[in-house]
Amino acid sequence: MCYNLWFGKFDGGVVISENLKKSFEAASNPNPLPFNLSEVGIQIFGRNYYELLRKTAIEVAEEKVEKELSSDDKYVIALVKALEEVEEAINALNGKKEELEEIRETEIQEKFAESISNLENLRKRIEEEIEAIMERIAPNLTELAGAKIGAKLMEKFGSLENLAKAPASKIQIVGAERSLYKALARIRKGKEAKVPKHGIIFTHPFIRSLPKNKRGKMARFLASKISIASKIDLFRGELEENLSEVVRKKFEELRRL
Amino acid sequence: MRNVKFFGNVPATKSRYGSHYGERIFEQDGERYREWIPWRSKLSAMLVKGYEIDLKGDEKVLYLGAASGTTLSHLADVVDEGVIYAVEYSAKPFKKLLELVRSRKNIIPIFGDASKPWKYSGIVEKVDLIYQDISQKNQVEILKLNSDFFLKSGGRILIMVKAKSIDSTAEAEQVFGNVLEELSKSFRILQSGRLDPFHKEHMFVLGERHSSAEWVKT
C-alpha cells in the first residue's frame, strides 16, 4: 500500500517530497494510516519535525484562505444567476410539454420529461452548493434568511460587503423595485398608492406564513436583523447564536397577536 | 485543570502570550494569566460549572471547529508541551486564527472540512484527545469518522453539542438524550453536563474510546 503523507510518500520506505506545500495539500488517504505519522516523521526530520510541519501548514493555509476570500462572493453570485436560468428553463420546458400534451400523445413528450428531470437534478445540485458555500462565508445571514434568500440578496447588492453596507429599508424591499417606483410615481401625482412591504425576503417562511396585515412588520424586523447579520459575517464571520432567536421570538409574537 | 487558576470566579490560563480576543491579562507571583471568559468559550463554562478534565500537558489533540481560536488559544496554554491540530473550514475566522498560530509553536493549522478527515489523514498523527465544537446537524457522525482515523485506543473525546443545530424544533432534553445514546455506541461516556447559563441549550460530553477499536474502520 502506498500512503500520501504531507512530507512525501510511504511505500515501505519514505520518498521525501520535493515540494512540501504540494504534498501537504495532497496528503489524502481513503483509509486511516496503519502507523503513527509523527513517529515516521520524527525518524526522518528529528526534532525539527513539528517546526517544519507548522511552517508548511501556515504557508498553505495563508494562500488558500486568501484565495477563497477573494473568490467566494463571486462564486455564490454566479451560482444564483445560474440557478435562476435553470429554473426559468424548467418552467419553459414544462409549459411546452403541457402544450404538446393537449394536442397529441407523442413520444417526444418523454424526451421533454427526461430533460426536465435532468434540469431538476442540476437545480438540486446548485442549491446544495449554494447552501454549502453560504454556511461557510455568511453563517449568520444563512441562519437568519436561509441560504437561497441570503445568496439572492448578495446577488442583488453585488457582494456581501455591499449588502452589509446597505440600509435595512433597502434590504426590505429589494426585488420589488418595480412596484416601489410605481407607487412612488403615484404618490408624486398625489394619488393613493400601495408601497411594497417586501421583495426578495417575502419568500422567507416567517413572512409568508403570517396574515397579510402583519407581514410588513415582520419584513421590517427581519430586514433590520439581516442587515446586522451580514455585518457580523463581513467583519467577524462567526455564528452569533442569539440573533436567530430574536427573530423567531418576534415571529411567534406576531403570530399569536 | 493544568495551568488554570481562578481569579475570583473567573478562570484564567497561565500564558506567555498577549491578549487574543480582548480578554484581560492578570499577573500574580510574577506569572501572567489570560482571562478565560466562560461566555465566550464552552470549555471555560465547563470549568466554571465545576467540571474537570484531566490533562498532563503533553497531549496530542485534534481540534475540530477551531473558529477564530478563542478556546484554542487557552487549550494551547494548557497543553503547552503538546501539539494541537486545529481544523476550521471558514476563511474569515481562519484569518484571525492564523494570527494566533503565528505566535504559538504548538498549533498546526489546517484549513479544511472536518467532515472529510481522509483529506488530512496524511497530516494529523494519532491523538490522545479530539475536541469538537462545530454545531452541525451530523456532528456526532463527523466525530466518529475522525476518531476512526486519528484517535488512539483509550483516547478521549470532548464534544460540545448545541441542541438547536441538531434539531431546531425538538426539546433540548430529547436531543441530548439521542446524542448520548448515539455516542455510547462508539465511546464509553465518562461525563456529561449542561453549559447553561453561559451557553443556552448546550451540553458537553466527555468520552473514551473502547480500547479494542484502535484504527479499525467500521
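How each quantity is defined
Residues numbered from 1 in each chain as written. Chains lettered and ligands numbered in written order. Predicted model: local features only at pLDDT ≥ 70, side-chain atom pairs only at ≥ 80, totals over all residues. Heavy atoms only, no water. Helix = DSSP H or I, 4+ residues; strand = E, 2+ residues; numbered from the N terminus. Buried < 20%, exposed > 50% of the residue type's maximum accessible area, 1.4 Å probe, protein only. Contact = heavy atoms within 4.5 Å. Lys, Arg positive; Asp, Glu negative; His and termini not counted. Charge placed at Lys NZ, Arg CZ, Asp CG, Glu CD. pLDDT = per-residue confidence, 0-100. Buried area = accessible area lost by both parts, 1.4 Å probe. Salt bridge = Lys/Arg side-chain N within 4 Å of Asp/Glu carboxyl O. Polar contact = N/O pair within 3.5 Å; in protein donor to acceptor, adjacent residues only side chain to side chain. Nonpolar A, V, L, I, M, F, W, Y, C, P; charged D, E, K, R; others polar. Phe/Tyr/Trp six-rings, centres within 6.5 Å; stacked < 30°, edge-to-face > 60°.

Visitor: Please provide a residue-by-residue account of the overall build of chain B, values included.
Guide: Each helix and strand in chain B was counted, giving 6 helices and 11 strands. Its C-alpha atoms give chain B principal-axis dimensions of about 50 × 40 × 35 Å. A buried classification covers 58% of the 218 residues belonging to chain B. Taking as baseline every contact in chain B between residues at least 6 positions apart, the subset at least 24 positions apart corresponds to 60%. Between the averaged position of the 33 positive side-chain charges in chain B and that of its 29 negative side-chain charges there is a distance of 5 Å.

Visitor: Got a sec to walk through the confidence of the model for chain B? Specific residues and values, please.
Guide: Detail in the predicted coordinates should be disregarded across regions flagged by low pLDDT. Residue and element names in this part refer to chain B. Averaged over all residues, the pLDDT of chain B is 93; the fraction at 70 or higher stands at 96%. Contacts for the low-pLDDT stretch residues 213-218, under 50 throughout, to residues beyond four places or in other chains number 17 contacts. Reported for the predicted complex are a pTM of 0.79 and an ipTM of 0.92.

Visitor: Any details on the interface of chain B and chain A? Residues and values, ideally.
Guide: Listed as interface residues are 41 residues of chain B and, on the opposing side, 41 residues of chain A. Taking both partners together, chain B and chain A bury about 3,400 Å²; carbon and sulfur atoms supply 56% of that area. At the junction of chain B and chain A, the tally comes to 2 salt bridges. We note a salt bridge from R102(B) to E62(A), for which the minimum N-O separation is 2.7 Å. Summed over the shared surface of chain B and chain A, the number is 18 residue pairs in polar contact (both at pLDDT 80 or more). Listed by contribution, the elements that provide at least two residues to the side of chain B that touches chain A are β6 (83-88), α3 (91-103), β7 (107-111), α4 (139-150) and β9 (151-162) of chain B. When residues in the side of chain B that touches chain A are grouped by element, the largest group, 9 residues, is from α3(B). Of the residues contributing to the side of chain B that touches chain A, the split by class is 19 nonpolar, 6 polar and 16 charged.

Visitor: Give me the lowdown on the packing of aromatic side chains, citing residues and values where you can.
Guide: Scanning all chains against the criterion turns up 18 aromatic pairs over all chains. On the basis of an interplanar angle of 65 degrees and a centroid distance of 4.6 Å, the ring pair of Y51(B) and F204(B) is categorised as edge-to-face. A residue pair is termed long-range when its members are at least 10 positions apart, and Y51(B) in the loop between α1 (42-48) and β5 (60-64) and F204(B) in strand β11 (residues 202-209) qualify at 153 residues. Centroid distance Y120(B) to F150(B): 5.6 Å. Interplanar angle 15 degrees. Geometry classified as stacked. Note that Y120(B) is positioned in the loop between β7 and β8 (127-132) and F150(B) in helix α4, a separation of 30 residues in sequence. As far as burial versus exposure is concerned, Y120(B) and F150(B) are alike and both buried. Ring-pair connections join several aromatic residues into one group, and the members of that group are W6(A), F7(A), F45(A), Y49(A) and Y50(A).

Visitor: So what's going on with the pattern of salt bridges? Residues and values would help.
Guide: On inspection of all chains with the given rule, the structure shows 31 salt bridges over all chains. Between E68(A) and R136(A) there is a salt bridge whose closest N-O contact spans 2.1 Å. With E68(A) in helix α3 (residues 49-103) and R136(A) in helix α4 (residues 108-137), this residue pair connects regions lying 68 residues apart in the sequence. On the accessibility criterion, R136(A) (12% relative accessible area) is buried. A salt bridge links K144(B) to E182(B), with the nearest nitrogen and oxygen atoms 3.2 Å apart. Separated by 38 residues along the polypeptide, K144(B) in helix α4 and E182(B) in helix α6 (residues 172-184) bring together distant segments of the chain.

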